[in-house]
Amino acid sequence: QVQLVESGGGLVQAGGSLRLSCAASGRTFSSYAMGWFRQAPGKEREFVATISWSGGTTYYVDSVKGRFTISRDNAKNTVYLQMNSLKPEDTAVYYCAASTGGSPYTKSYPYWGQGTQVTVSS
């Protein structure tokens, strides 16, 4: 089992940047694929990005390609989401999640953090 804690959210102006971090507990972090998801008020939780256990494979939703970068440091049990050129429509609660397989589907992720709020003002 793995426990996840996100940090790094906040309020930023459009065009700005934030870096989210997700710290994982447990010795098996490096065996999990990791994902970032987000949920805006009144909307379903949606996939943002995923990274393989080794960090060698990444995948993004089209709306963040070229702006967001997912990475991981297995020595620190941490996964990151660098968000640049932020837009008001990126406003949401951002969640990290762990999966044995990795995919864009929430059902594939049994472990979730509590979320961190990102607000982008226009």
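The structure under discussion appears in the preceding block.
Notes on the structure in this doc start here.

Thoughts on the pattern of salt bridges
Throughout the structure, instances matching the rule amount to four salt bridges. Of the charged contacts in the structure, one is a salt bridge between Glu-46 and Arg-38, with a shortest N-O distance of 2.6 Å. A relative accessible area of 6% places Arg-38 in the buried class. Put simply, Arg-67 and Asp-90 hold a salt bridge, and the shortest N to O gap is 2.8 Å.

Digging into the sheet that holds strand 3 (residues 18–24)
Spatial ordering of the open sheet is given by 1-3-8-7, a layout of four strands whose pairing is antiparallel. In this open sheet, the two strands that pair with only one neighbour each are strand 1 (4–7) and strand 7 (68–73). In this sheet, neighbouring strand axes are inclined to one another by 15° on average, regardless of whether the strands run parallel or antiparallel. With six bridges connecting them, strand 3 and strand 8 (residues 78–83) associate as antiparallel partners. Looking at the pairing, Leu-20 lines up with Leu-81 of strand 8.

Rules and cut-offs
- Residues numbered from 1 in each chain as written.
- Predicted model: local features only at pLDDT ≥ 70, side-chain atom pairs only at ≥ 80, totals over all residues.
- Heavy atoms only, no water.
- Salt bridge = Lys/Arg side-chain N within 4 Å of Asp/Glu carboxyl O.
- Buried < 20%, exposed > 50% of the residue type's maximum accessible area, 1.4 Å probe, protein only.
- Pairing = 2+ DSSP bridges.
- Helix = DSSP H or I, 4+ residues; strand = E, 2+ residues; numbered from the N terminus.
- Axes fitted to C-alpha atoms, helices over the stretch in contact; angles between N-to-C directions.

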